[in-house]
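# Fold and geometry: a report
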Amino acid sequence: MHCVRKVNESLTWVGADDRKIHIFEGIYPLKRGMSYNSYLLKDEKTVLLDTVDKACLETFLENVEFALAGRKLDYVIVHHMEPDHSSTLKTLLDYHKEATIVCNQKILNMIHQFFGKDLDAKVHLVNEGDTLNVGEHTFTFVNAPMVHWPEVMMSYEMKDKILFSADAFGTFGALNGHLFNDEVDFFNDYLDEARRYYTNIVGKYGPQVQAVLKKASGLDIKLICPLHGFVWRNDFAKIIEKYNLWSTYTPEEKGVLIAYSSVYGHTENAMNILACQLVKRGVKVDVYDLSLTDVSVVVSNAFKYSHIVLGSTTYNMGIFLLMHNLLHDLQAHNLSSRTIAIVENGSWAPQAGKLMKEEVNKMKNMTILEEDVTIKSSVDEDSYLKLIALADAIKKSLE
Ligand code: FEO
């Protein structure tokens, strides 16, 4: 049975929730599912904006048929060819052979790669600035390369002033019956997952996100309809401010992310001592054990905080694998402009500290505090005092 919601008089959400999915894009764990948004506009012509993941095909087709209410489908605007939004496109067009695909050339190239060239006769190519009039409503198109793939475009509907923003302004998590951002307590309950979604999926492409934000700043926007998560109908400034911070690699908060890997608990003990000393000095602290926390959560918090403490045991004369993976992930997402502190452990030949510094130095504009700490097996009097000195140095650098 259909499950749709009206965005406004002309526009209906015809997407779907998938709560059975545990891993998104083969790598990101999901605790609360995922939403795939698709929208149907009814005017003199009917326009479907994107499709959904193949896991939701049946629900999606039912929703589209219900929302069309017997009308034919005139256009399908494709903004992004990643399969979470396009894997049902060909099947949809099997049911709606009359529909014309509206997309740019790069999207068409990817249609060829995913589906072959059978759909070519149905394609209407557009580029930035082109318009598509469908009655009272008119769409114009904005290219948004690398937000999140190179072919991505956004569209802006001029009558109702709606930005269809592709992956931008999305979040992990199912909608659970909610459609609009103000139907949930977004900044308390969803911001962490929106940040984890943005930083891990688009975080590498800050300059490209900045370019699109600049283009969008010239538009009068009443609604933002993303491909995941809630439709934004207020609080634009608050979420755009977050996107500005994340895409310029500017910390949201002065505070310390402590991330560590510990084999027998002694590096963990050092991190607990440091956390206590920092909190006693009035510093905000967030602590993650890399053995227990998915790296995407730690990457997200590295974007959030101004300071990062990295603690690792030495392992096979290198950095412990989980810490190495974190550093590689931070590099891959172009994290920059943070203050870093290093704590290493090694029972006979501590090496992790030197190697972690080398990895940090591959990132832009990183400041490594001089007060690093070496532990030999377990925290002793000398390393305890060094942890105190590190807490003082972090506190000073936050002032
Ligand atoms: Fe939600 Fe880049 O796909």
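Residues numbered from 1 in each chain as written. Predicted model: local features only at pLDDT ≥ 70, side-chain atom pairs only at ≥ 80, totals over all residues. Heavy atoms only, no water.

Summing up its helical and strand segments, the protein chain has 13 helices and 23 strands in all. Summarising its shape, the C-alpha atoms of the protein chain cover approximately 80 × 40 × 35 Å along the three principal directions. Split into buried and exposed, the 399 residues of the protein chain put 59% on the buried side. Considering only intrachain contacts with a sequence separation of at least 6, the fraction spanning at least 24 residues in the protein chain is 73%. With the model as given, the accessible surface of the protein chain reaches about 16,700 Å², and the carbon-plus-sulfur share is 51%. Within the protein chain, the 52 negative side-chain charges are centred at a point lying 2 Å from the centre of the 41 positive side-chain charges. (Helix = DSSP H or I, 4+ residues; strand = E, 2+ residues; numbered from the N terminus. Buried < 20%, exposed > 50% of the residue type's maximum accessible area, 1.4 Å probe, protein only. Contact = heavy atoms within 4.5 Å. Areas by Shrake-Rupley, 256 points an atom, 1.4 Å probe, with all protein chains shown as cover. Lys, Arg positive; Asp, Glu negative; His and termini not counted. Charge placed at Lys NZ, Arg CZ, Asp CG, Glu CD.)

Take the packing of aromatic side chains next. Aromatic ring pairs are defined here through the distance separating the ring centres and the angle between the ring planes. Taken as a whole, this structure holds 18 aromatic pairs when the rule is applied. Both rings, one in tyrosine 243 and one in tryptophan 246, keep their centres 5.4 Å apart while their planes meet at 50 degrees; by these two values the pair is tilted. Placement of the pair is tyrosine 243 and tryptophan 246 together in helix α8 (residues 236-247), with a separation of 3 residues, close to one helical turn. Side by side, tyrosine 243 and tryptophan 246 carry an identical accessibility label, which is buried. With a centroid separation of 5.8 Å and 45 degrees between ring planes, the pair formed by tyrosine 249 and phenylalanine 303 is classed as tilted. Of this pair, tyrosine 249 sits in the loop between α8 and β17 (253-261) while phenylalanine 303 sits in helix α10 (residues 295-304), placing them 54 residues apart in sequence. According to the relative accessible area criterion, phenylalanine 303 is buried, its value standing at 1%. Taken together, Phe186, Phe187, Tyr190, Phe230 and Trp232 form an aromatic cluster joined through their ring pairs. For arginine 233, the ring lying beneath its charged end belongs to phenylalanine 180, and the centroid distance is 3.8 Å. Directly above the aromatic system of phenylalanine 187 lies the positively charged group of lysine 238, at a separation of 4.4 Å from the ring centroid. (Phe/Tyr/Trp six-rings, centres within 6.5 Å; stacked < 30°, edge-to-face > 60°. Lys NZ or Arg CZ within 6 Å of the ring centre and 35° of its normal.)

If you walk across this open sheet you meet the 7 strands as β1-β2-β7-β8-β9-β10-β11, and the pairing is mixed. Looking at strand neighbours, the two that pair on one side only are β1 (5-6) and β11 (123-125), the edges of this open sheet. Bridge count between strand β8 (residues 46-49) and strand β9 (residues 75-77): 3 bridges; the pairing is parallel. Paired with valine 47 across the strands is tyrosine 75, a residue of β9. (Pairing = 2+ DSSP bridges.)

What follows concerns the domain arrangement of the protein chain. You can read the domains of the protein chain as domain 1 (5-247) and domain 2 (257-393). Relative to domain 2, the C-alpha centre of domain 1 lies at a distance of 39 Å. Counting residues at the interface gives 11 residues for domain 1 and 10 residues for domain 2. Of all residues in domain 1, Arg195, Asn200 and Lys204 bury the most surface against domain 2, accounting for 48% of the area lost on that side. Counting across the interface, domain 1 meets domain 2 through 5 residue pairs in polar contact (both at pLDDT 80 or more). Of the residues contributing to the side of domain 1 that touches domain 2, the split by class is 4 nonpolar, 3 polar and 4 charged. (Domains from an automatic or database assignment. Buried area = accessible area lost by both parts, 1.4 Å probe. Polar contact = N/O pair within 3.5 Å; in protein donor to acceptor, adjacent residues only side chain to side chain. Nonpolar A, V, L, I, M, F, W, Y, C, P; charged D, E, K, R; others polar.)

Let us now look at the sheet that holds strand β13 (residues 138-143). Strand order in this open sheet of 5 strands is β12-β13-β14-β15-β16, and the pairing throughout is mixed. In this open sheet, the two strands that pair with only one neighbour each are β12 (131-133) and β16 (223-225). On average, each strand axis in the sheet is tilted by 20 degrees relative to the strand beside it, whichever way the strands run. Alignment of strand β14 (residues 153-157) against strand β15 (residues 162-164), held across 3 bridges, turns out to be antiparallel. Within the sheet, the bridge partner assigned to tyrosine 156 lies in β15 and is leucine 163. (Axes fitted to C-alpha atoms, helices over the stretch in contact; angles between N-to-C directions.)

Taking 1.5 Å per residue as the helical rise, helix α13 (residues 381-398) with its 18 residues ought to reach 26 Å, and the 26 Å between its terminal C-alpha atoms agrees with that figure. Those residues of α13 lying buried are Ser383, Leu387, Ile388, Leu390, Ala391, Ala393, Ile394 and Leu398. In this structure, the buried side of α13 is in contact with β17, α9 (266-280), β19 (305-315), β21 (339-345) and β23 (373-375). Backbone nitrogen of aspartate 382 and a side-chain oxygen of the N-cap are separated by 3.2 Å at the start of α13; the cap is aspartate 380. (Expected span 1.5 Å × (residues − 1).)

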